[in-house]
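Listed here are the chains, written in short residue letters.
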Amino acid sequence: MKITINKLKHFLSLISCLVLLNLKAQQPVVVEEENTIDYISTRDYTIAGITVTGATYFNHDAIKLIAELREGQKIKVPGEDISKAIRKLWDQKLFSDVAIDATKIIGDNIFLDIKVKERPRLLGLKSRGLRKKEFEKAKEKIDQFKGKIVTENMIRNIENIVRGHFIEKGYMRCKVKVTQELDTLKSNNMVVLVIHTTKGPKIKINNITFSGNQTFSDRKLRRLMKETKRKNFFRFWKTSKYLESNYQKDKQKIIDKLNDKGLRDATITSDSIWAHDSSTINIHLNISEGRTYYFRNITWIGNTVYRTGQLDSVLNIKRGDVYDQSLLDARLNMSQNGMDITSLYMDNGYLFFSIDPVEVRVEGDSIDFEIRIVEGKQARIKNVIIKGNTKTSDHVIRREIRTRPGDLFSRGDIIRTQRELMQLNLFNPEKMQVNPMPNPYEGTVDIEYIVEEKPSDQLQLSGGWGAGRLIGTLGVMFNNFSTNKFFKKEAWQPLPSGDGQTLSLQAQSTGQFYQGYNFSFTEPWLGGKKPNSLTFSVFHTFTSNDNLKRSDPNKSKLKITGSSLGLGKRLKWPDDYFTTYKEVNYMYYDLANYRGFFAFDNGFVNNINFRFTISRNSIDQPLYPRSGSSITLSARFTPPYSYFNNKNYSDLSAQERFKFLEYNKWKFTTSHFMALSKDKKLVLNARTGFGLLLPWNKSVGDSPFERFYLGGSGLTGFNMFFGREIIALRGYDDQTVSRNVGDIAIAKYTMELRYPVSLNPNATVFLLGFAEAGNTWAKIKDFNPFQVKRSAGLGVRIFLPMFGLLGLDYGWGFDPLEGDKAGAGLKKPGTGQFHFTIGMNLGEL
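Residues numbered from 1 in each chain as written. Predicted model: local features only at pLDDT ≥ 70, side-chain atom pairs only at ≥ 80, totals over all residues. Heavy atoms only, no water.

**Considerations on the overall build of the protein**
Step number 1: Secondary structure assignment for the protein yields 13 helices and 34 strands.
Step number 2: Across the 845 residues of the protein, 44% fall into the buried class.
Step number 3: Counting contacts in the protein only where the partners sit at least 6 residues apart, residues at least 24 apart contribute 61% of the total.
Step number 4: For the protein, the accessible area works out to roughly 44800 Å², and carbon and sulfur atoms hold 55% of it. (Helix = DSSP H or I, 4+ residues; strand = E, 2+ residues; numbered from the N terminus. Buried < 20%, exposed > 50% of the residue type's maximum accessible area, 1.4 Å probe, protein only. Contact = heavy atoms within 4.5 Å. Areas by Shrake-Rupley, 256 points an atom, 1.4 Å probe, with all protein chains shown as cover.)

**Topic: the pattern of salt bridges**
Step number 1: Applying the stated criterion to the full structure yields 43 salt bridges.
Step number 2: Arg43 is paired through a salt bridge with Asp108; the nearest N and O atoms lie 2.9 Å apart. You can see Arg43 sitting in strand β1 (residues 43-53) and its partner Asp108 sitting in the loop between β3 (95-106) and β4 (109-118), a full 65 residues away along the chain.
Step number 3: Residue classification places Arg43 among the partly exposed positions, given a relative accessible area of 39%.
Step number 4: Note on Asp108: relative accessible area 47%, which makes it partly exposed.
Step number 5: Where Glu725 meets Lys665, a salt bridge forms, and the shortest distance between an N and an O atom there is 2.6 Å. You can see Glu725 sitting in strand β29 (residues 724-727) and its partner Lys665 sitting in strand β26 (residues 664-675), a full 60 residues away along the chain. The two residues Glu725 and Lys665 agree in class, both being buried.
Step number 6: In this structure, a network of salt bridges that share partners links the residues Arg687, Arg730, Lys748, Glu752, Arg754, Glu772, Arg797 and Asp809. (Salt bridge = Lys/Arg side-chain N within 4 Å of Asp/Glu carboxyl O.)

**Some words on the sheet that holds strand β15 (residues 433-439)**
Step number 1: Reading across from one edge, β14-β16-β15 is the order of the three strands in this open sheet, with mixed pairing throughout. Looking at the sheet topology across the chains shown, the edges are occupied by β14 (380-387) and β15. Strand-to-strand twist in this sheet, taken as the mean axis angle between neighbours without regard to direction, amounts to 20 degrees.
Step number 2: Sheet analysis places β15 next to strand β16 (residues 444-450), joined by seven bridges and oriented antiparallel. Within the sheet, the bridge partner assigned to Pro438 lies in β16 and is Val445.
Step number 3: Set on the sheet, helix α12 (residues 411-423) makes contact with β15 and β16; between it and β16 the angle comes to about 20 degrees. (Pairing = 2+ DSSP bridges. Axes fitted to C-alpha atoms, helices over the stretch in contact; angles between N-to-C directions.)

**Details of a positive patch on the surface**
Step number 1: On the surface, Arg219, Arg223, Lys226 and Lys678 cluster together into a positively charged patch.
Step number 2: Taking the relative accessible area as the measure of exposure, Lys678 reaches 86% and is therefore exposed. (Patch = residues over 30% accessible without salt bridge, like charges linked within 9 Å, V, L, I, M, F, W, Y side chains within 5 Å. Lys, Arg positive; Asp, Glu negative; His and termini not counted. Charge placed at Lys NZ, Arg CZ, Asp CG, Glu CD.)

**Let's talk about the confidence of the model for the protein**
Predicted coordinates in regions of low pLDDT should not be interpreted in detail.
Step number 1: Averaged over the protein, the pLDDT score is 85; the fraction of residues at 70 or greater is 89%.
Step number 2: Below pLDDT 50 for its whole length, residues 1-5 participates in one contact with residues either more than four positions away or in separate chains.
Step number 3: Below a pLDDT of 50 lies the segment residues 716-721, which in the model reaches 16 contacts outside its immediate sequence neighbourhood of four places, other chains included. (pLDDT = per-residue confidence, 0-100.)

**Digging into the packing of aromatic side chains**
Each aromatic ring pair is characterised by the separation of its centres together with the angle its planes make.
Step number 1: Per the counting criterion, the structure on display carries 21 aromatic pairs.
Step number 2: Taking the centre distance of 5.5 Å and the plane angle of 65 degrees together, the rings of Phe58 and Phe95 count as edge-to-face. Linking Phe58 in the loop between β1 and α2 (60-67) with Phe95 in strand β3, this pair joins segments that are 37 residues apart in sequence.
Step number 3: Judged by its relative accessible area of 22%, Phe58 falls in the partly exposed class.
Step number 4: Site record: aromatic cluster; members linked through ring pairs are Tyr306, Tyr345, Tyr350 and Phe353. (Phe/Tyr/Trp six-rings, centres within 6.5 Å; stacked < 30°, edge-to-face > 60°.)

**Observations concerning empty space enclosed by the protein**
Step number 1: In total, this model carries six cavities of 30 Å³ or more according to the counting rule given.
Step number 2: By volume, the second largest cavity amounts to about 70 Å³.
Step number 3: Around the second largest cavity sit Asn428, Pro429, Glu430, Lys454, Gln621, Leu623, Tyr624, Leu759, Pro761 and Thr764, which together line it.
Step number 4: Across the lining of the second largest cavity, the residue classes tally to five nonpolar, three polar and two charged. (1 Å grid on protein atoms, 1.4 Å probe; cavity = no way out; pocket = protein on both sides within 12 Å on 5 of 7 lines; lining within 4 Å. Points joined across faces, edges and corners; volume = space filled by probe spheres on them. Nonpolar A, V, L, I, M, F, W, Y, C, P; charged D, E, K, R; others polar.)

**Description of the environment of Thr417**
Step number 1: For Thr417, the location among the structural elements is in helix α12.
Step number 2: Given a relative accessible area of 0%, Thr417 falls into the buried group.
Step number 3: Placed 14 residues apart in sequence, Thr417 and Thr403 show a C-alpha to C-alpha distance of 7.7 Å.
Step number 4: Setting aside residues up to four positions removed in sequence, Thr417 forms contacts with Glu400, Ile401, Arg402, Thr403 and Tyr449.
Step number 5: One polar contact links the side chain of Thr417 to the main-chain amide nitrogen of Arg402, over a distance of 3.0 Å.
Step number 6: Reaching out from Thr417, the side chain makes a polar contact with the backbone oxygen of Asp413 at a distance of 2.8 Å. (Polar contact = N/O pair within 3.5 Å; in protein donor to acceptor, adjacent residues only side chain to side chain.)

**What about the sheet that holds strand β9 (residues 267-275)?**
Backbone-to-backbone hydrogen bonds pair the strands of a sheet. The strands run either parallel or antiparallel.
Step number 1: Read across the sheet, three strands follow the order β8-β10-β9 without closing on themselves; strand pairing throughout is mixed. Of all the strands in the sheet, the pair left with one neighbour each is β8 (204-211) and β9. Between one strand axis and the next, the sheet turns through 15 degrees on average, direction left out of account.
Step number 2: Sheet analysis places β8 next to strand β10 (residues 280-288), joined by seven bridges and oriented parallel. Each residue of the ladder has a partner; that of Ser211, found in β10, is Asn286.
Step number 3: Each of β8, β9 and β10 is contacted by helix α7 (residues 244-260), which is oriented at about 145 degrees to β9, the strand it contacts most.

**Some thoughts on the environment of Thr502**
Step number 1: With respect to the element layout, Thr502 can be found in strand β19 (residues 501-509).
Step number 2: Sequence-wise, Thr502 and Phe478 are 24 residues apart; in three dimensions their C-alpha atoms are separated by 5.5 Å.
Step number 3: Ignoring sequence-local partners within four residues, the contact set of Thr502 consists of Met477, Phe478, Asn479, Ser520, Phe521 and Thr522.

**What to know about the environment of Tyr594**
Step number 1: Residue position: Tyr594 is located in the loop between β23 (578-592) and β24 (603-617).
Step number 2: Measuring from C-alpha to C-alpha, the distance between Tyr594 and Lys555 comes to 8.3 Å, with 39 residues separating the pair along the chain.

**Topic: the pairing of β26**
Step number 1: Two strands pair when backbone bridges link them, and strand β25 (residues 627-637) and β26 are joined in this way by eleven bridges, in the antiparallel orientation. The partner of Leu633 across the bridge, within β26, is Phe668.

**Quick word on the nonpolar core**
Step number 1: One finds Leu558, Tyr589, Leu591 and Phe705 to be the most contacted residues of the largest nonpolar core, which totals 28 residues.
Step number 2: Every element with two or more residues in this core is listed here: β22 (557-570), β23 and β28 (707-710).
Step number 3: The greatest single-element share of this core, amounting to three residues, is contributed by β23.
Step number 4: Those residues in contact with Tyr589 that lie beyond four places of it in its chain are Leu558, Lys559, Ile560, Gly603, Phe604, Val605, Asn607, Phe705, Glu706 and Gly723.
Step number 5: Counting 23 residues, the second-largest nonpolar core is a separate cluster that includes Ile50, Ala55, Val77 and Ile114. (Core = buried A, V, L, I, M, F, W, Y, C linked by side-chain atoms within 4.5 Å.)

This is the structure in structure tokens:
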């Protein structure tokens, strides 16, 4: 075989390599450190150490826990363990960058470093494009605070909040962009978020038009859209603005109203919104009404307690009536007047009653209904629980509760109990709750009444300006007094309370002109078993109409001393809203040089009279009523002395004729409250009042006392004790509508629109607008209830528990006064004036 030189060289080289490899294999191999990982093949490692870099605010151990990595843990590299740890850190949305590196590998041991970059933190907010007040209003809705982590979600949320804030105000084209400014003064990764806002023009609605509507006019449909209104200069109470959410609700109101008229297929097939100009839009809605549907056959299934005829009478829907789903629902479930099927059953104990109206057939334009009833069994009241009364005794509440253990459950009794507890004026009506807790297995129900005490005692600091004088009252009224605890030392905190009794001490003065002192006590449940009230009062007043010293014998004086005792009773017929009140009064009038007001200047008068009052009061609560009415007829009369004393009154002086006063006085008043809004805040109050003061005997003449005086704020408080009855008529000066000596006939009408600013029992505030009309007459034959003096105005009422009701009114009188009062109380028609009172204004007929 022939061997070439080249082949020999290759052979010798191969032999040399093999010898060197053999020598190398015989030596030990030591790897000191290796920082590279083979990413092609997977290898198992044990975590020998973990470090965290880049975290300033976050705890390093917390970051390790979030990553779910720990020393001694077996992991595969490369593998899912590292990827999973990175995902968990990203999911926290706390970092803008996350990485995990192997810093060292020694054999099967691996050392890891978790590298994070924290997101910036919020230093504050800054505005561009808004005035300071505008930004502050919008900022109130942004729930962000200094030090909070800034995320993309936070930025989007701020943009949406600010944009929504201005859209609600009518800036529907508002644009908002949030940028970040790094804090250059401190290297602490803090940023300021700058809110760039471009409001654009305020978008109002120029016009709203309709097509396809036949049942309702365009005007009626526009009125249904309560929140989407056209721009009108006279609508100052509600501005025109377009808000998409409100617009959608208003469209549904149109459909609901059409459904009420039997048009159950009614739809808005299309609507268009386009720009009228740069600041207004037009809206057009195309309506398809469809056919009108009617009720046809209504059948009842499951009723055993009440006959079908009885249920038909309560439902009061007849064959052929226009289909009205809302009417059907109201007649079946909880109508406002209580005339519905559910109330019929629940007032008879059927707490577990249920009702389900089912459409069983629609044929042409007629609908058949099957009303399925599950009556259940009657539930009886097991326990009545009272919570929340910290001051008022349980028995004061329980005696007003009409749901008693053992009685059948009655929804009507619960509603009436709520009303009676509100009438106590001891609890916050806005926080009162009733929780029925049924037990279907036992057929019983526990009823829980939750009340919240409100301040009821008053420090009476009352006053007002009238007749050129400041009239002040200082007194205390305890509306939850307790005589039963009078001798219990621990009950004096500062006075014994909890039994619902009323104790009043009062002093009034205008300086030398008038002073009055009054004490009264009322027990609302005499004997504790029936709602029969007892009222006792004594009073003394001193009045003068000159500025002489009190010791001067020529000083004019009128002293009145009197007392009264009254009994009230709650009736059961015609219904238990009726009450009667009987009162015996004695007043002694002592006149000295008192000129210009009565039929004589010197002498004394005895006024022994009996008052009878019958009234019906269904007002829901005393302070801010929303519903109900009060109707009162009262008669006050003295014995007809002239019929049996055989005196010739034509020969007697005025002082002799009125030594024992005789008269009969009649008053009739009404007050109705009606909520005009769904939230029952806007309330209309309508009041009327008539009064007559008549003699028993024409030869005696009209009584010089107890006459009516009309005009001004009606500063009742010293009126009754002064021998007068002063009635308010805002817009005119005090007592100027009547004669100086008063009149014997009166008529007055009032309309008030009220809206609350705050219904907090510690500070109740409501605004009102009023229109009033009234007049008085000196003779019965001149009485004309339509010949009145008119006025209107605005006012505010503020109730503070310690001081009572504070009132401020501004009234405009429209009609000039005639006779001796011309120009005295009204310079010219349309003249306005303020009326201010502190304390409950009682000067209303």
